[in-house]
Amino acid sequence: MTQQPSPEGSFGPDLVEVFGPSQSDGGPDLVQLLTPEGERVHHLEFDLDFDAEQLLGFYRDMVLTRRIDVEATALQRHGELGIWAQLLGQEAAQIGAGRALRRQDHVFPTYREHGVAWCRGIDPLRLLGLFRGVDHGDWDPAEHGFGLYTIVIGAQTLHATGYAMGMQRDGVVGTGDPDRDAAVIAHFGDGASSQGDVNEAFIFAASYNAPVVFFCQNNQWAISEPIERQTRIPLYQRALGFGFPGVRVDGNDVLATYAVTQAALQRARDGQGPTLVEAYTYRMGAHTTTDDPTRYRLSADVESWKLKDPIARLDAYLKRNGLADPAWFAELDQEAADLGATLREGCKALPDPRPLDMFEHVYAEQTEELRVQQAGYAAYLESFETEGTHA
């Protein structure tokens, strides 16, 4: 066992102790509980005990989330979706963070948090509706504690900080009541960390001690820009300059991601302010289905990251320790296949939007100008029906 100084911005005492092999990726400060080979290792500050039910739940969530992603990508290739933002390879980062949430917490996502949406009970068909272009995202953010997808890069971090400051004023932070105390988590990518909105959110969160966790999925690429061109220091160390802690976790390790996010969320709920979590992972697919990653990255890098696959490492751990039998895996495979069929059929059956509905969602109370525009457009649409009747 070796001891080393605690990384700047870590949560607790002066020492961090890592058991097991040294980490070659992500640096020595990387928090890891499950190696790419599926071996359980321990960490002084973030170690947790996981029972079989939890481990099987993590595995099921990741498998089904990957199936959602694969099916949606195929649907886009067949012309059923206009675009799709893939999460392939980032399942552990999303499921670990999503399962660390409590019912009263609130999530502000980007446009890629399909796994977190799954954890919050959102029907994946509702995600497909957005990318099919039949709605703007029709789930209720209040019901699920999960905001609508944000296309403007980094804007959700400001929304999250403001919402967290509102929670403070509502008296649901630092009360000591686990059923009441709440926190906010804002998801964003490494590219978004270069946006002004994100830095402004950091400043406000630090200044007002807001109960928000900034969860950065560092998948190494901001579309075609590698992480080396975005920062000269590890992203988690940026938190120190704003006055709150940061930690880098193995984003392909669902156990470590869960443990670190749980600790950060609890810190926020207790009234101790914001935390930056950098989930060190890799985007195995394209940025979106309009992107061609072969133009800017090496296939050798992709192959090396395949060896760190988040599902494969937990699969190895479960089988090595006899936590699931072949029948359980077969049942899960069938559940994934059924989910895929549901998504394929359901996507094609999604109803087209009514053109006049767009006038109903501009203001809470419709203005006279909009009424005139709506009436004019209605008459325009009716003219086609009239022409068809005369024909």
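Bear in mind the structure is a predicted one, so any value in this text is a computation, not a measurement.

### Section: the overall build of the protein
Within the protein, the secondary structure is distributed over 13 helices and nine strands. Relative to the compact-globule value of 21 Å for 391 residues, the protein shows a C-alpha radius of gyration of 22 Å, a close match. Across its three principal axes, the protein shows a C-alpha extent of roughly 85 × 50 × 45 Å. If you take every contact in the protein between residues at least 6 apart in sequence, the share linking residues at least 24 apart comes to 72%. Of the roughly 18200 Å² of accessible surface on the protein, a fraction of 52% belongs to carbon and sulfur atoms. Taking the 32 positively charged and 58 negatively charged side chains of the protein as two groups, their mean positions are separated by 3 Å.

### Looking at the pattern of salt bridges
Where charged atoms from two side chains of opposite charge approach closely, those side chains can pair. By the definition in use, this model includes 19 salt bridges. In this structure, the salt-bridge partner of R66 is D309, at a minimum N-O distance of 2.9 Å. Taken together, the positions of R66 in helix 1 (residues 52-77) and D309 in the loop between helix 10 (299-306) and helix 11 (310-320) put the pair 243 residues apart, joining distant regions of the chain. Here R66 matches D309 in class, with each residue buried. A salt bridge links D138 to R126; the nearest nitrogen and oxygen atoms lie 3.8 Å apart. Placement of the pair is D138 in the loop between helix 4 (124-132) and helix 5 (141-144) and R126 in helix 4, with a sequence separation of 12 residues. Given a relative accessible area of 42%, D138 falls into the partly exposed group. Linked by salt bridges that have partners in common, R60, D61, R99 and E335 make up one network.

### Regarding the pairing of strand 5 (residues 212-218)
Most of strand 5 sits out of view: seven of its seven residues are buried. The alternating pattern of strand 5 places V212, F214, C216 and N218 and V213, F215 and Q217 on opposite faces, both of which are buried. The sheet contact formed by strand 4 (residues 184-189) and strand 5 spans six bridges and is parallel. Bridged to A186 within strand 5 is F214. With helix 7 (residues 196-207) bridging strand 4 and its parallel neighbour strand 5, the resulting β-α-β unit is right-handed.

### Some details on the packing of helix 1 against helix 9 (residues 254-269)
Interhelical geometry of helix 1 versus helix 9 gives an angle of 105° and a closest axis separation of 11 Å. Viewed along their axes, helix 1 and helix 9 adopt a mutual orientation that is roughly perpendicular. Counted together, Q54, L55, F58 and M62 of helix 1 and V254, L255 and Y258 of helix 9 form the full contact between these two elements. Grouping the amino acids of the contact of helix 1 with helix 9 by side-chain chemistry returns six nonpolar, one polar and no charged.

### Some words on the nonpolar core
Core analysis: the largest hydrophobic core is formed by 66 residues, its most contacted members being L128 and L314. No other element matches the 10 residues that helix 1 contributes to this core. Not counting the four nearest positions on each side in its chain, L128 is found in contact with A72, L75, L81, W84, L343, C347 and L350.

### Focus: the sheet that holds strand 4
In space, the five strands of this open sheet follow the order 3-4-5-9-8, with parallel pairing throughout. This sheet does not close on itself; its edge strands, each paired only once, are strand 3 (106-108) and strand 8 (246-250). On average, each strand axis in the sheet is tilted by 20° relative to the strand beside it, whichever way the strands run. Here strand 3 runs beside strand 4; their pairing, made up of three bridges, is parallel. Within strand 4, the position partnered with H106 by the bridge is V184. Set on the sheet, helix 7 makes contact with strand 4, strand 5 and strand 9 (275-280); between it and strand 5 the angle comes to about 150°.

### Some details on the confidence of the model for the protein
Per-residue pLDDT for the protein averages 92, and the proportion of residues at 70 or more is 92%. The model gives residues 1-9 a pLDDT under 50, and that stretch makes 25 contacts with residues more than four places away or in other chains.

### Some thoughts on the packing of aromatic side chains
For any pair of aromatic rings, the description consists of the separation of the ring centres together with the inter-plane angle of the planes. If you walk through the whole model with that rule in mind, you get 25 aromatic pairs. Aromatic side chains F131 and Y149 sit 6.3 Å apart centroid to centroid with 70° between the ring planes, which places their arrangement in the edge-to-face category. Taken together, the positions of F131 in helix 4 and Y149 in the loop between helix 5 and helix 6 (155-170) put the pair 18 residues apart, joining distant regions of the chain. Grouping residues by exposure puts F131 and Y149 together as buried. Connected via pairs of aromatic rings, a cluster forms that spans W84, F131, W139, F146 and Y149. The cationic tip of K308 hangs over the ring face of W305; the distance from NZ or CZ to the ring centre is 4.9 Å. Its end group placed over the ring of F329, K319 keeps NZ or CZ at 5.0 Å from the ring centre.

### Quick look at the state of the cysteines
In the structure shown here, the tally under the stated rule is zero disulfides. With no disulfide of its own, C216 lies closest to C119 among cysteine sulfurs, the gap being 19 Å.

### As for the environment of Q32
Considering the arrangement of structural elements, one finds Q32 in the loop between strand 2 (15-18) and helix 1. Q32 gets classed as buried once you look at its relative accessible area, which sits at 8%. Along the chain, Q32 and R248 lie 216 residues apart, while their C-alpha atoms are 9.4 Å from each other.

### Remarks on the side chain of Q374
Here Q374 is to be found in helix 13 (residues 368-390). On the basis of relative accessible area, Q374 is assigned to the buried category, the value being 16%. Leaving out residues up to four positions away in the same chain, Q374 has contacts with L356, F359, E360 and Q366.

Rules of the game
Residues numbered from 1 in each chain as written. Predicted model: local features only at pLDDT ≥ 70, side-chain atom pairs only at ≥ 80, totals over all residues. Heavy atoms only, no water. Helix = DSSP H or I, 4+ residues; strand = E, 2+ residues; numbered from the N terminus. Rg over C-alpha atoms; globule rule 2.2 N^0.38 Å. Contact = heavy atoms within 4.5 Å. Areas by Shrake-Rupley, 256 points an atom, 1.4 Å probe, with all protein chains shown as cover. Lys, Arg positive; Asp, Glu negative; His and termini not counted. Charge placed at Lys NZ, Arg CZ, Asp CG, Glu CD. Salt bridge = Lys/Arg side-chain N within 4 Å of Asp/Glu carboxyl O. Buried < 20%, exposed > 50% of the residue type's maximum accessible area, 1.4 Å probe, protein only. Pairing = 2+ DSSP bridges. Right-handed = clockwise from strand over helix to strand, strands pointing away. Axes fitted to C-alpha atoms, helices over the stretch in contact; angles between N-to-C directions. Parallel < 35°, antiparallel > 145°, perpendicular 65-115°, else oblique. Nonpolar A, V, L, I, M, F, W, Y, C, P; charged D, E, K, R; others polar. Core = buried A, V, L, I, M, F, W, Y, C linked by side-chain atoms within 4.5 Å. pLDDT = per-residue confidence, 0-100. Phe/Tyr/Trp six-rings, centres within 6.5 Å; stacked < 30°, edge-to-face > 60°. Lys NZ or Arg CZ within 6 Å of the ring centre and 35° of its normal. Disulfide = S-S within 2.5 Å.

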